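Letter by letter, the chains look like this.
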Amino acid sequence: MILPSTKSFDSSPSVNPLNANQLHKLQPPPSQPQHAAAQAVPNAKRILQQMQLQVQRGAEEPFYVVDLNSAVERLQLWRALLPDVQPFYAVKCNPDALLLSTLAVHGASFDCASRAEMQAVLDLGVPASRIVYANPCKQPSHVRFAREQGVRLTVADSEAELRKVAEHHPGAELLLRLAVDDSQATCVMSCKYGAPPAEMPALLATATQLGLTVRGVSFHVGSGCFAPGAYAAAVDRAAEVFELARAAGLEMDVLDIGGGFPGRDTAALSFADIAAALRPSLARHFPPSSGVRLIAEPGRYLVAQSHTLAVNVIGKKRAPSTADLPAHDMYFINDGLYGSFNCVLYDHAQPGVRVLPPAAPAAAGAKAAEAAAADEAEAAAAGGGEAAAEVPCSIWGPTCDGLDCIAKEARLPELQVGDWLYYDDMGAYTAAAGSNFNGMPLPDKHYLPLHSMPVPICSHLQPAAGAATLLNNHLAAAAR
Ligand code: PLP
């Protein structure tokens, strides 16, 4: 196999020093006193305060509070625990433009599934070499778009796909997607994507016949995979394919370990546990001396915690007892299964609900209100503090469809129409797949100020970087 001499796939370090001109452009505006203050207040408190502020201002529609800092912190944690693996954020998980911009200026690369996703990322000034077009079954017009834009790294798992790529993008560089054990994941993928190891020799031979360059192997252990051993086992399987290729005279140099990493640590499993399982396996098969670049496609890991959803109780009625359930209150809220809560259906999510406490009375003064909100946030974070007694209830979305039930059996204190609820960790696979069925709008977004822009900021963005412009506008707006 002849590897291209041109630099089609950017493996440069994720964060590079910035020249003075770029740094100046990307710094938060000087008139931004709340940055320091915001940083001193823990994230949960600032989110709670922001929700209460919106309610005080008369909000009626559902809304998200977006904490872009959370995605930055997750990226930093990734780099601390898996420093040799370059993350390509899976845009499908949440294509919010400010989220993409934040990740872009902090040096992330991107996994795109379609023409629109590639366009969104390119529009931010991200070079094509920092994109993997990781959909194993692509529409020909999207493949041609990738060719026109210079996106070369892509994925295939069948002969037909190799032929399609050869026809529409002969200069592409391929990762062969390997089917791996995804039985430990919340959302399986190997039923649809990935070739079994036994098919790999034929795929390698076909690629060679077609004159395609195979750069390596990719896999996905399934989304929401809570078994550290599954990631390490998949690396072992991928190493076998590298061996097969070597035996056939092909030297591959990219391993893509996919996504699957949970969005939040739990008592049972942390990202550190997964990284600790992966590191020895990666070091054994793909040490730095092997020259194999390691990349990954984390989605929910980076962004799940970035969005908190606030919803309003718009209706209430009493459900009589049935064979299955006791009599209980039914609450209707203004976002549902056809909107953000599509995650209940598609992502097998079980979102945790909390009651939004009212803000402290304005008469108590801004300081007291802030302190009260902070205390409430602490109590909420600790599990509700001295909350009113919880009773069984069910929670329903706003569309005229009986299917639109978010939770058949929940427990909440008694609520009234007009009360507010909120849901943490709503950043992954929520609004991205939401619809406007029944004319219901998707929630608005309120962005918390960024703590800071990265220093040093990545120099990999192209000169008129849309990401920098978007974020600067955001920072300026937050400062007003
Ligand atoms: N890569 C590919 C090809 C995917 O299909 C997905 C999710 O569907 C991801 C990455 C992101 O997965 P996760 O959000 O579990 O990290």
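Shown above is the structure to which this text applies.
Keep in mind that what you see is a predicted model, and the values were worked out from it rather than measured.

1. A short note on the site of the ligand
So, step 1. Inspection of the region around the ligand gives 17 residues, with A90, S223, G259, E297 and G299 positioned closest.
So, step 2. Among the secondary structure elements, those contributing two or more residues to the shell around the ligand are β9 (223-225) and α12 (300-303).
So, step 3. Across the shell around the ligand, the residue classes break down as 6 nonpolar, 7 polar and 4 charged.

2. Side note on unusual backbone geometry
So, step 1. A positive phi is found at D425, a non-glycine position, where the angle reads about 55 degrees.
So, step 2. Mapped onto the elements of the fold, D425 is located in the loop between β17 (420-423) and β18 (444-447).
So, step 3. According to the C-beta neighbour criterion, D425 is buried, with 21 such atoms within 10 Å.
So, step 4. A positive phi angle, near 65 degrees, is found at N438, a position not held by glycine.
So, step 5. Looking at the secondary structure, you find N438 in the loop between β17 and β18.
So, step 6. The class for N438 is partly exposed, based on 14 C-beta atoms found within 10 Å.

3. Some remarks on helix α4 (residues 68-81)
So, step 1. Helix length check: α4 (14 residues) gives 21 Å between terminal C-alpha atoms against 20 Å at 1.5 Å per residue, within 8%.
So, step 2. Along α4, the positions that sit buried rather than exposed are L68, S70, A71, V72, R74, L75 and W78.

4. Examining helix α3 (residues 43-56)
So, step 1. The end-to-end C-alpha distance of α3 is 20 Å, a good match for the 20 Å that 14 residues give at a rise of 1.5 Å each.
So, step 2. Those residues of α3 that sit buried are N43, K45, R46, I47, L48, Q49, Q50, M51 and Q52.

5. A short note on the pairing of strand β8 (residues 213-218)
So, step 1. In terms of burial, β8 is a largely internal element, 6 of the 6 residues being buried.
So, step 2. The sheet contact formed by strand β6 (residues 173-177) and β8 spans 5 bridges and is parallel. For E173, the partnering residue across the bridge sits in β8 and is T213.
So, step 3. Note: β8 against strand β10 (residues 254-256), 3 bridges, orientation parallel. Paired with V217 across the two strands is L255, which belongs to β10.

6. What to know about the packing of α4 against helix α5 (residues 97-105)
So, step 1. At their nearest, the axes of α4 and α5 sit 10 Å apart, and the two run at 35 degrees to each other. By crossing handedness, the relation of α4 to α5 is classed as right-handed. Listed contacts from α5 to L68, A71, V72 and L75 of α4 are L98, L99, T102 and L103.
So, step 2. Here the contact of α4 with α5 is composed, by residue class, of 7 nonpolar, 1 polar and no charged.

How each quantity is defined
- Every chain is numbered on its own, with residues counted from 1 as its sequence reads.
- Side-chain atom pairs in this predicted model are given and counted only at pLDDT of 80 or more, local residue features only at pLDDT of at least 70, and totals for whole chains, interfaces and linings cover all residues.
- All residues are tested the same way: a C-beta atom is placed from the backbone, and lying within 6 Å of a molecule or strand makes the residue near it.
- Numbered from the N terminus, helices here are DSSP runs of H or I no shorter than four residues, and strands are runs of E no shorter than two.
- The nonpolar class holds Ala, Val, Leu, Ile, Met, Phe, Trp, Tyr, Cys and Pro. Asp, Glu, Lys and Arg form the charged class, and all remaining residues, Gly among them, are polar.
- Any residue with 12 or fewer other C-beta atoms within 10 Å of its own C-beta is exposed, any with 20 or more is buried, and the rest are partly exposed; the C-beta atoms used are placed from the backbone.
- In this scheme, a helix's expected span is set at 1.5 Å multiplied by one less than its residue total.
- Pairs of strands are assigned from DSSP output, requiring at least two bridges between the strands.
- As a rule, the C-alpha atoms of each element are fitted with a line to give its axis, helices using only the stretch in contact, and angles between N-to-C directions run from 0 to 180 degrees.
- Handedness of a helix crossing follows the sense of rotation of the near helix relative to the far helix, less than a right angle counterclockwise being left-handed and clockwise being right-handed.
- Once C-beta atoms are placed from the backbone, any two residues with those atoms within 7 Å are in contact.

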